[in-house]
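The primary structure of each chain is shown beneath.
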Amino acid sequence: MTGHSSSCAEIAEQFPRLRAPELADLCSELQELRERTRSFARQELIPRALELDRRAGEEPGYFDWDVVRAGARAGMLRFLVPAPAGGSGGLAMHACIMMEELCAACAGIGLIFGAHGLGITPLLLGGAAHWDGVLAQLVASEASERPLLMALAITEPEAGTDVEDPDLLARGRITSHARRVPGGYRLSGTKRFISNGSVARWISVVMPTDPMRPAETETCFLVDTRSEGFAVSRAEHKMGQRACPAAELSFDEVFVPDELLVGREGDGATETLIVLACSRPPVGAIGTGIARGAYERLRAWLHEDDVGARLLERQHVQLALAQMEEEIHLAHQAYMDAAMEIDLWALGPTMRHPAARLLAGLPPSFRRRSRVRRKLLSGTARAQTVALLHRTTDDRRLSRAVGLSSLAKARGGDVAVRVTSAALQIAGLRAGPLRAELEKLWRDAKLVQIYEGTNQLNRVEVFRTLSNEEEMRCLPPRESIEPARMNGARA
Ligand SMILES: Cc1cc2nc3c(=O)[nH]c(=O)nc-3n(C[C@H](O)[C@H](O)[C@H](O)COP(=O)(O)OP(=O)(O)OC[C@H]3O[C@@H](n4cnc5c(N)ncnc54)[C@H](O)[C@@H]3O)c2cc1C
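Here goes a summary of the coordinates provided. (Residues numbered from 1 in each chain as written. Predicted model: local features only at pLDDT ≥ 70, side-chain atom pairs only at ≥ 80, totals over all residues. Heavy atoms only, no water.)

### A short note on helix 20 (residues 455–467)
Link 1 in the chain: If you check helix 20, its first and last C-alpha atoms are 18 Å apart, about what 13 residues at 1.5 Å a residue would give, namely 18 Å.
Link 2 in the chain: Where helix 20 is concerned, the buried positions are Asn 455, Leu 457, Asn 458, Glu 461, Val 462 and Thr 465. Looking straight down helix 20, one finds its buried side chains confined to an arc of 160°; they lie on one side. Turned more than 90 degrees off the buried face of helix 20, the exposed positions are Gln 456 and Phe 463.
Link 3 in the chain: A positive backbone phi angle near 60° is found at Glu 469, which sits one or two residues after helix 20. (Helix = DSSP H or I, 4+ residues; strand = E, 2+ residues; numbered from the N terminus. Expected span 1.5 Å × (residues − 1). Buried < 20%, exposed > 50% of the residue type's maximum accessible area, 1.4 Å probe, protein only. Arc of directions from axis to C-beta.)

What follows is the structure in structure tokens.
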């Protein structure tokens, strides 16, 4: 196993001002998570990876609920759910550590858990509104036969890149539409390429209330996939990461009650920007994990097989291995930089604000009283949550977080493709069963360059951050921070 870890020393070295005792807690929490995820991945993912890939290749949409149940038992579904809702309360760093470990074993199965986390992320911006609703339901379902999964639906048939960037959105060819009706909204339209879309019980869906003005009116809704008018219209044939189905979804006047609005009407473009800033470092970690998976398998073969051992004596192979190590190390570093920026400075302060802690300290039985719940779901509470975000972060920090996240995502995708290609080239036809594993990893790698915004779009975001005169390689701000659990508002 290689040394791509997030050690206490590594974090402290990058951020010399973080000497608080909580740093040790955070590091041991991350290390424990890494060990737990690695052992889960070895036991449950590696033995299934090739067979699931084959099965889902023959039968698009095929899904293995067994692995989801195993993941639920190992805590892989609750990692982003805030602590007051019964979850583990992680944010970007936790998600990254998990995704690298899962995807080093199987990126297809890893993406099931990643897409679930992606579906949860918009709810984290809604303060306490969803703690006692959908989020508590997700946690409660973990012990059941069918643990509840989530997904996020942004992409449309005529708009992929355009819906992921607030500036491009204004010109996007959006065809979906959320219409205001008494007591809620009616959603119509089509969403495409939605990971987990055919198996999720709840989907965070972004649609405009006025398709002619998407930038101003995009809004996020929580859709129960058992609602009338919702249908899975197609299961996609996937090139890689096949264990996680991608689906086309159709919405025909699907009713969403007011209480399942995520955030406020019209805030969808900003929410998408923040959600993608949080989810791109974990996608960089997916790429890093795939690259590490190929590199570790190749090294094991070179050391254990006679043909491999002869190859290992050649200098061009040694240089290729050193270059892979370098690429993986830097991809890991890039996603950790971005995740720390988000957790410690861009969004963490909102989650750790005294007002958020106060809410988190209220007993769930009190929060669930109908009068209190009505208040938590009210327009006033939603406006207060947004105001808190504005008070605790600023455009500079968000811009740097967006730039670093995009950099980490693009780097992770490119490194995955380069390392898997190089590994395949070295092993060639001589590697026996390893060849099938490397070929799958190479197919898995390509998708990382596409989803969560193509690498081209992400590089546009990096340039935008630079144009805002943001220093991307910099030390954290001076103010002291408390790097405790990010999304649990731990009191
Ligand atoms: C396996 C997989 C899983 C996915 N999962 C999800 C999911 O769970 N939820 C979801 O909502 N979506 C999901 N997607 C959709 C994904 O986010 C989009 O495919 C992606 O945003 C690109 O959109 P597009 O395919 O429409 O390409 P297009 O937007 O049509 O782009 C085509 C090409 O043009 C380039 N391009 C477009 N605009 C620009 C620009 N302004 N500047 C520079 N280059 C540009 C792109 O980089 C790309 O190379 C998934 C996609 C895949 C492949």
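On we go.
### What about the pattern of salt bridges?
Link 1 in the chain: A full pass over the atoms with the stated rule returns 40 salt bridges.
Link 2 in the chain: Where Arg 38 meets Glu 101, a salt bridge forms, and the shortest distance between an N and an O atom there is 2.9 Å. Remark: Glu 101 occurs in helix 5 (residues 92–105) and Arg 38 occurs in helix 2 (residues 21–45); sequence separation between them is 63 residues.
Link 3 in the chain: The buried category is assigned to Arg 38, whose relative accessible area is 12%.
Link 4 in the chain: Here Lys 440 and Asp 444 are joined by a salt bridge, their closest N and O atoms 2.7 Å apart. Here Asp 444 and Lys 440 lie together in helix 19 (residues 434–448), a separation of four residues that amounts to about one turn. One exposure class covers both Lys 440 and Asp 444, and it is buried.
Link 5 in the chain: Each of Arg 38, Glu 100, Glu 101, Arg 292 and Glu 296 takes part in salt bridges that share partners, so that together they form one network. (Salt bridge = Lys/Arg side-chain N within 4 Å of Asp/Glu carboxyl O.)

### Observations concerning the side chain of Asp 224
Link 1 in the chain: Mapped onto the secondary structure, Asp 224 falls in strand 5 (residues 218–224).
Link 2 in the chain: A polar atom in the side chain of Asp 224 sits 2.9 Å from the side chain of Arg 201.
Link 3 in the chain: Apart from the residues lying within four places of it in its own chain, the contact partners of Asp 224 are Arg 201 and Trp 202. (Polar contact = N/O pair within 3.5 Å; in protein donor to acceptor, adjacent residues only side chain to side chain. Contact = heavy atoms within 4.5 Å.)

### Quick notes on the packing of aromatic side chains
Link 1 in the chain: Counted according to the given criterion, the structure contains four aromatic pairs.
Link 2 in the chain: Arranged with centres 5.5 Å apart and planes meeting at 75°, the rings of Phe 230 and Phe 251 form a pair that is edge-to-face. Of this pair, Phe 230 sits in strand 6 (residues 230–235) while Phe 251 sits in strand 7 (residues 246–257), and the two are 21 residues apart along the sequence. Note on accessibility: Phe 230 and Phe 251 belong to one class, buried.
Link 3 in the chain: Between the NZ or CZ atom of Arg 180 and the centre of the ring of Tyr 185, over which it lies, the distance is 4.5 Å. (Phe/Tyr/Trp six-rings, centres within 6.5 Å; stacked < 30°, edge-to-face > 60°. Lys NZ or Arg CZ within 6 Å of the ring centre and 35° of its normal.)

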